[in-house]
Amino acid sequence: MDWMERYVVLTCVLSSVWMTVAAGDDIRAVSAESKFGESATLKCTLLNQKSFLQVSWKKVVGDKSIAVASFSPSSGAQVEKSYANRLNITTWGSNQTAITVYKAYTEDEGCYTCVFHIFPTGSKQDQACLKISGEVLTEKYHKVRSGAAVTMKCTLRGSHNVLQASWKKNEEKIASYVPNRTTIEPQYEKKLTMSMEKGSVSTITIGKATINDEGEYTCLFSVFPTGSKLGKTYLYVCDPASLPRPGMTVLSVTLISVITCFWW
């Protein structure tokens, strides 16, 4: 490498370092790590500035940026239609903003750009990234009303040679899958179905849930040559018939049943 090539390389390195420091001097972004199905908050703080005209968040997808949400003092908070009911945007003080994903799934994973629009200096931006932790992804719990259907899903991340996938309820085996064959234990044959997608997504569906279906469910992937990988979820069943207690009046039982199951 001659002196000119060395000069160009050194100039690029110094330029990169300067740009990183400059961005850090303007904005402090805080990334987040979340379990599958749980909430996650990404934050940005505008440094050395007192106020902004507008702040916006965008999701980085490949070489594109997709609008997620924005806020301005005049228009308030705006969440894009594709993200409605999935997240919100908040601001506090005159220089801080955050987006909170209510339930973080794999499609929410990635980096998000926060952009502060400032008069008269222009825009300043930085990135905060969301990571979903865990190798086997499943929601911590599921809730269903008695008589309704419920689906529980486990996703094994990465590329694996899955020999078998199975499900247990409170340590009792209920269903299993090997390539081209699904087996449901006799006592559950009329109760549920099991499916396997893309070799790494295992699903069971209970057609009509009852209070007896409530409990802990474990999904298990038998992987060659690394061994077993598992995930756990808990199923809660809202059954108004199970709510009465000794000494409770019919009216109080009815009210509790309606209030409890209304939110499920």
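These numbers were taken from a predicted model, which means no experiment stands behind them.

Rules used throughout
Residues numbered from 1 in each chain as written. Predicted model: local features only at pLDDT ≥ 70, side-chain atom pairs only at ≥ 80, totals over all residues. Heavy atoms only, no water. Salt bridge = Lys/Arg side-chain N within 4 Å of Asp/Glu carboxyl O. Helix = DSSP H or I, 4+ residues; strand = E, 2+ residues; numbered from the N terminus. Buried < 20%, exposed > 50% of the residue type's maximum accessible area, 1.4 Å probe, protein only. Core = buried A, V, L, I, M, F, W, Y, C linked by side-chain atoms within 4.5 Å. Contact = heavy atoms within 4.5 Å. Phe/Tyr/Trp six-rings, centres within 6.5 Å; stacked < 30°, edge-to-face > 60°.

Participant: What am I meant to see in the pattern of salt bridges here?
Facilitator: Any two side chains of opposite charge can pair, on the condition that their charged atoms come close. The full count for this structure, using the stated rule, is eight salt bridges. In this structure, the salt-bridge partner of Lys 229 is Glu 135, at a minimum N-O distance of 3.4 Å. Note that Lys 229 is positioned in strand S20 (residues 227-238) and Glu 135 in the loop between strand S10 (122-133) and strand S11 (136-137), a separation of 94 residues in sequence. Note on Lys 229: relative accessible area 16%, which makes it buried. Under the relative-accessibility criterion, Glu 135 is labelled partly exposed at 37%.

Participant: When you look at the nonpolar core in this model, what are you seeing that I'm missing?
Facilitator: It is characteristic of soluble globular proteins that their nonpolar side chains tend to be buried jointly. Of all hydrophobic cores here, the largest spans 26 residues; its most connected members are Leu 42, Trp 57, Val 68, Tyr 112, Phe 116 and Leu 130. Elements represented by at least two residues in this core include exactly strand S3 (40-46), strand S4 (54-61), strand S5 (64-72), strand S7 (87-92), strand S8 (96-101), strand S9 (110-118) and S10. Other than its neighbours up to four places away in sequence, Phe 116 contacts Ile 27, Cys 44, Thr 45, Leu 46, Phe 52, Gln 54, Val 55, Asn 95, Thr 97, Gly 122, Ser 123 and Lys 124. Counting 25 residues, the second-largest nonpolar core is a separate cluster that includes Cys 219, Phe 221, Val 223 and Leu 235.

Participant: What's the story with the packing of aromatic side chains in this structure? I'm lost.
Facilitator: A ring pair, where both rings are aromatic, is described by two values, the distance of the centres and the angle of the planes. Applying the stated criterion across every chain yields a total of four aromatic pairs. Relative to Phe 116, the ring of Phe 52 has its centre 5.4 Å away and its plane inclined at 65°; by these criteria the two rings are edge-to-face. Residue Phe 52 is located in the loop between S3 and S4, and its partner Phe 116 is located in strand S9; the two are separated by 64 residues in the primary sequence. Each member of the pair, Phe 52 together with Phe 116, is buried. Aromatic pair Tyr 141 and Tyr 236: ring centres 6.1 Å apart, planes at 80°, arrangement edge-to-face. Here the residue Tyr 141 occupies a position in strand S12 (residues 141-145), and Tyr 236 occupies one in strand S20, the gap between them amounting to 95 residues. Among the residues examined, Tyr 141 registers a relative accessible area of 42% and is labelled partly exposed.

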